[in-house]
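Listed here are the chains, written in short residue letters.
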Amino acid sequence: MPRRVTLAAALVAVGALLLSACSAGTSPSPSDSSAGPADPNASVAVRLVSEPGNLDIRQTAGAALDQILIDNVYQGLVSRTPQQEIVDTLATKHTVSGDGLTYTFTLRDGVTFHDGQPLTPADVVWSLQQVKANAAYRDSDRLARVSSIAANGQDVVLTLSEPDSTLLWNLTGRAGLVLKEGDTIDRKTKANGTGPYTLASWKQGDSITLKRNESYWGDKAKAAEVVLDFIPDNQAALSGALAGELDVVTGFDATLKSQIEANGTFSLVLGASTDKGTLAMNATHGKLSDVRVRQAIRQAIDKKSIVQALGAGQTLYGPIPELDPGYEDLSSTAPFDPDAARKLLAEAGASDLTLTLTIPAFYGTTVSQILVSNLHDVGITLKVAQVEFPTWLKDVYTNKDYDLSFVLHTEARDFENWANPDYYFTYNNPKVQDLYAQSTRATDPATSADLLKQAAKIVADDQAADWLYNGASVVAVGTNVTGFPSINVNERMDLAQLAKS
Amino acid sequence: MIRYALTRLALLVLGLFVASALIFLTLRILPGDVAQLIAGLNATPEQVEAIREHLGLSDPLPVQYAAWISGVLHGDLGTSLLTGSSVAGELAQKAQVTIPLGLMAMTVAILVALPFGVISAMRRGHADGTALSIGAQTVAAVPVVWAGMMLVVVFAVWLGWLPAQGFPRGGWTDPGAAVRALLLPAVTIGVVEGAMLMRFVRSATLQATGQDFVRTAAAKGLTRTQALLRHGLPTVGLSIITVLGLQVAGIIVGAVVIEQLFSLPGIGRMLVADVGNRDLPKVQGELLVLTGFVLVVGFVVDLVHRVIDPRQREAE
């Protein structure tokens, strides 16, 4: 067996070389990007990395569910555009009272669910109420400041106990989805929404098929069918794309750019995202409780080389990415400077420091290799513990038993975690908690964003963690495909405009 | 013979029981649980606890084991914690990919191993025999993943003859498409397993050549090759049955890797996903069925061997 392993390693290396060699050698065929008119009967095959455990969007976590179901199958009163603006969807308009305590939504007429039942104001009231009432539902607490939900004719009125600048945004997510009251479908495997696509089938371990909703209230989806293929392996996705079996590859590895673009049928599209490669530092652990040590770690890390190695994304020095309100360039809080890092470590008496980095195995080794080498350079020995995600959830997330941890936090507008001392970040600063609370109570978006900016600056100054990079949405799109979203695709993916010729 | 079969059967049942306990206990060593995974990041400990309670994960281990085994004895392999679907149903679904894949891989392995094994034995000492032998050593050492990648590059990406990944959505409603989807993965496993099997065929053939009855047959005027083919090969075939039985486990392991590489919705890929999701009742059911399958194959091989090989009966 050991003999096989050695040989295996050697052969894989040779194989990788061969593979890159042959792709580079293939001369690009004349691009047929003269994409003809969209075919209304087209079936578009889209690769997704991960499959949801089940389809119950009220209970089950995971970005895959948001990607697949929100906007496409389920809708709320409001939704967000790729540019992160809030727009009316099942509401035709909404108004917010001057004191920020009353939200009035006028419900769109003539909307039906996929099973043919009409959408009523009562459905909306029930949907919001059940999320609010059931603490086990995800995002239930996002409606905490809503004190009453009532229908008034075609209007739905939300009354708040205090202003909540995050409410509209939260209603564009899971907390605001509108379901049919009294539906008896098994939500783990079926869905009944109002969106431009219906859920046609789910073959577990393989694919989900969406079909155009022919009785949709708005502009109908451009493709007759979208097949979402779950292919975790990047190599399999690449082969599938090159063999013409996939039309769009999401979550692609940007370093494989030249391979997928080699024969001219695909091009790589990079879009902004709210993915934050977060290096959490457990300030309750040993030397890490010393802010100088944390700052030294941050200053020892060369962010530019990480972004370069990943082939996409940009540097990030604070908890808020550019797409979210409250962003500011915080690179001055910990610029790359190994000499300064060594000095800080010496001051803190932390020579010969050994730390463990706990990282879920599916992130690969690129980031951890750079960290090991950067930290070694300033005298810190970094041990890398690659673990399965459930192990990470138990050790790091639940028990907070770690030194350093790396996770890609994809959620938009999730600054709240820095204001939550119980979160696994272990960051506890009452000033930040207060600023965050003020920001949510603000009635004016600009004020709210400014308060977030102040809070984020404090978090970065406290060296609460390091933000290694702000990821990009990397999608390989077939040259005959149009309308695939490019921004923040890892979180949401509106497929209504997707078309193929 | 009947006594032998009954003893062997009792051993099989005991083996299954021990396997069930081992499967159950070893899975409990894995850290993390499905409740945490369902709740995900940003969930409070209370939310996770509520889900855990709801799924029955807070029961003591012996209670969980007893519930599982009594279910199995009543023909119920349990249900998935995550999806609520039945384990038996999912297995039946995924077996439509994995079993044909295994059979095709086995066929390829035999087609590679038998002729080349016999030839390389008969050509021992000649350059071509040695070359074959070295070739087999090399191929047997190739990791399945690499072999698969190479085959995909050549036959799917360059030539475009066969699909690079996936299984037809309609399953076996279009048998041609289904077979095409399985061809590359089956050849991948089959060639590597076949090369290992070939080394075995070679040594079994060499051994047969030295047997008295083959030499006797040769002395009676048959050429060495004739003697070997008529009298030696049946004994080679016999020992190959045993080795093939053992290969079953190897092919299942190969399927786990290959289904991942080719994105085939089979048992191997399901198993990997379920372990990752900590859907333990489902993993338990799947592993028990797979273990049972391998044990039953071993049982059948033993019986067949006993029936067709007179020497073993005499030894009793």
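No experiment lies behind these values; they were computed from the predicted model shown. The numbers attached to residues start from 1 for each chain and follow its sequence in the written order. Chains and ligands are labelled sequentially in the order written, the chains with letters from A and the ligands with numbers from 1. Local features in this predicted model are restricted to residues of pLDDT 70 or higher, and side-chain atom pairs are both shown and tallied only at a pLDDT of 80 or more, whereas totals for entire chains, interfaces and linings draw on every residue. Excluded from the side-chain calculation are hydrogens and water; included are all heavy atoms of the structure.

Some words on the overall build of chain B
Here a helix means four or more residues in a row that DSSP labels H or I, a strand means two or more in a row labelled E, and each is numbered from the N terminus. Scanning chain B for helices and strands turns up 13 helices and 0 strands. For chain B, the N- to C-terminal ordering of α and β elements is α-α-α-α-α-α-α-α-α-α-α-α-α. When the backbone C-alpha atoms are referred to their principal axes, chain B occupies close to 85 × 60 × 35 Å. Relative accessibility decides the category of a residue: with a 1.4 Å probe and only protein chains considered, values under 20% of the type maximum give buried, values over 50% give exposed, and everything between is partly exposed. Counting across all 316 residues of chain B, residues that qualify as buried make up 47%. Whether two residues are in contact is decided by their heavy atoms: any pair within 4.5 Å suffices. A fraction of 71% describes how many contacts in chain B between residues 6 or more apart in sequence connect residues 24 or more apart.

Quick word on the UniProt feature "domain: ABC transmembrane type-1" (unreviewed entry) in chain B
UniProt positions are given in the numbering used here, feature names are shortened, and annotations may be inferred rather than shown by experiment. Here the UniProt feature "domain: ABC transmembrane type-1" (unreviewed entry) sits at residues 95–305 of chain B. The span residues 95–305 of chain B is 83% helix and 0% strand, and its two end C-alpha atoms sit 27 Å from each other.

Some remarks on a nonpolar patch on the surface
Residues and elements named next belong to chain B. Patches here: salt-bridge-free residues with over 30% relative accessible area, like charges joined within 9 Å, nonpolar side chains (Val, Leu, Ile, Met, Phe, Trp, Tyr) joined within 5 Å. Note on areas: Shrake-Rupley with a 1.4 Å probe; residue coverage comes only from the protein chains shown. Salt-bridge detection follows one rule: a side-chain nitrogen of Lys or Arg within 4 Å of a carboxyl oxygen of Asp or Glu. Taken together, the side chains of Met1, Ile241, Val296, Val300, Val304, Val307 and Ile308 present a nonpolar region at the surface, about 510 Å² in accessible area. A per-element tally of the nonpolar patch places helix H12 (residues 280–308) first, with 5 residues. Locating Ile241 in the fold gives a position in helix H10 (residues 224–261).

Re the pairing of strand E15 (residues 404–409) of chain A
Residues and elements named next belong to chain A. Within E15, 6 of the 6 residues are buried, which leaves the element mostly enclosed by the surrounding structure. The two faces of E15 match: Leu404, Phe406 and Leu408 on one face and Ser405, Val407 and His409 on the other face are all buried. Bridge count for strand E12 (residues 266–281) against E15 is 6 bridges, and the pairing is antiparallel. Of the residues in E15, the one forming a bridge with Gly277 is Leu408. Between any two strands, pairing holds if DSSP finds at least two bridges. For strand E13 (residues 353–360) and E15, the ladder comprises 2 bridges, and the chain directions are parallel. Within E15, the position partnered with Leu357 by the bridge is Leu404.

A closer look at the sheet that holds strand E1 (residues 43–48) of chain A
All names here are of chain A. One open sheet holds the 10 strands; their spatial order is E8-E9-E10-E1-E11-E16-E12-E15-E13-E14, and the pairing between them is mixed. Either end of the sheet is taken by a strand with one partner, and the two such strands are strand E8 (197–203) and strand E14 (380–387). Where E1 and strand E11 (residues 248–249) come together, 2 bridges link them in parallel fashion. Its bridge partner being in E11, Val46 is matched across the sheet by Val248.

Things to note about the UniProt feature "domain: Solute-binding protein family" (unreviewed entry) in chain A
With numbering aligned to this structure, UniProt lists the feature "domain: Solute-binding protein family" (unreviewed entry) at residues 86–408 of chain A. Each end of residues 86–408 of chain A is marked by a C-alpha atom, and these two atoms are 25 Å apart; helix forms 25% of the span and strand 27%.

Concerning the packing of helix H8 (residues 175–209) of chain B against H10 of chain B
Residues and elements named next belong to chain B. The convention used is that axes are lines fitted to C-alpha atoms, helices contributing only their stretch in contact, and that angles between N-to-C directions extend from 0 to 180 degrees. In contact at an axis separation of 8 Å, H8 and H10 are set at 145° when each is read in the N-to-C sense. As H8 packs across H10, the resulting crossing turns out to be right-handed. Ten residues, namely Ala, Val, Leu, Ile, Met, Phe, Trp, Tyr, Cys and Pro, are considered nonpolar, four, namely Asp, Glu, Lys and Arg, are considered charged, and the remaining ones, Gly among them, are considered polar. Along the lines of polarity and charge, the residues of the contact of H8 with H10 split into 15 nonpolar, 9 polar and 2 charged. Take the far helix as the reference: if the near one is turned anticlockwise from it by less than a right angle, the crossing is left-handed, and if turned clockwise, right-handed.

Notes on the confidence of the model for chain B
When the pLDDT values of chain B are averaged, the result is 86; 98% of them are 70 or greater. Complex prediction metrics read pTM 0.86 and ipTM 0.81. A residue's pLDDT is the predictor's confidence in that residue, given on a scale from 0 to 100.

What about the UniProt feature "transmembrane region" (unreviewed entry) in chain B?
Residues and elements named next belong to chain B. When the UniProt feature table is mapped onto this chain, "transmembrane region" (unreviewed entry) is found at residues 99–119, 139–161, 181–201, 236–258 and 287–304. The span residues 236–258 is 100% helical and 0% strand by assignment, and the distance between its end C-alpha atoms comes to 30 Å. Secondary structure over residues 287–304 splits into 100% helix and 0% strand, and the C-alpha atoms at its two ends are 26 Å apart.

Observations regarding the sheet that holds strand E4 (residues 91–96) of chain A
Each strand in a sheet pairs with its neighbour through backbone hydrogen bonds, running either in the same direction (parallel) or in the opposite one (antiparallel). Residues and elements named next belong to chain A. Reading across the sheet, the 4 strands line up as E4-E5-E7-E6 and stay open at both edges, with antiparallel pairing between neighbours. The outermost strands of the open sheet, each flanked by one partner alone, are E4 and strand E6 (146–152). Taking the axes of each pair of neighbouring strands and ignoring which way they run, one obtains an average angle of 15° across the sheet. Together, strand E5 (102–107), E6 and strand E7 (155–160) form the strand contacts of helix H3 (residues 121–133), whose direction differs from that of E6 by roughly 165°.

Thoughts on the pairing of strand E9 (residues 207–212) of chain A
Residue and element names in this part refer to chain A. Of all the 6 residues making up E9, 5 are buried; the element is thus mostly covered by neighbouring parts of the structure. Note: E8 against E9, 6 bridges, orientation antiparallel. Each bridged residue has a counterpart across the sheet, and for Ser201 the counterpart in E9 is Thr209. Hairpin remark: E8 followed by E9, antiparallel, with 3 residues in the connecting loop; positive phi at Gly205, about 80°.

Observations regarding the packing of aromatic side chains
Note on aromatic contacts: the rings of Phe and Tyr and the six-membered ring of Trp form a pair at centre separations within 6.5 Å, being stacked when their planes are under 30 degrees apart, edge-to-face when over 60 apart, and tilted otherwise. Taken as a whole and assessed by the stated rule, the structure comprises 23 aromatic pairs over all chains. For the pair Phe415 of chain A and Tyr436 of chain A, a centre-to-centre distance of 6.0 Å together with 45° between the ring planes defines the contact as tilted. One end of the pair, Phe415 of chain A, is in the loop between E15 and helix H12 (430–441); the other, Tyr436 of chain A, is in helix H12, with 21 residues separating them in the sequence. Considered together, Phe415 of chain A and Tyr436 of chain A belong to a single accessibility category, that of buried residues. Ring plane angle 65° and centroid distance 5.1 Å describe the contact between Phe24 of chain B and Tyr65 of chain B, whose orientation is recorded as edge-to-face. One end of the pair, Phe24 of chain B, is in helix H1 (residues 2–29); the other, Tyr65 of chain B, is in helix H4 (residues 61–73), and 41 residues separate them in sequence. Since its relative accessible area comes to 3%, Phe24 of chain B is described here as buried. A ring is considered to have a charge above it if a Lys NZ or an Arg CZ atom is located within 6 Å of its centre and within 35 degrees of its normal. Lying across the ring of Phe24 of chain B, Arg28 of chain B places its NZ or CZ 3.9 Å from the centre.

Some thoughts on the environment of Val131 of chain A
Residue and element names in this part refer to chain A. By secondary structure assignment, the location of Val131 is in helix H3. Taking relative accessible area as the criterion, Val131 reaches 4% and is therefore assigned buried. For the pair Val131 and Ile370, spaced 239 residues apart in the sequence, the C-alpha separation amounts to 43 Å. Look past the residues within four positions of Val131 in its chain and what remains in contact with it is Tyr137, Arg138, Asp139, Ser140, Leu143 and Ala175.

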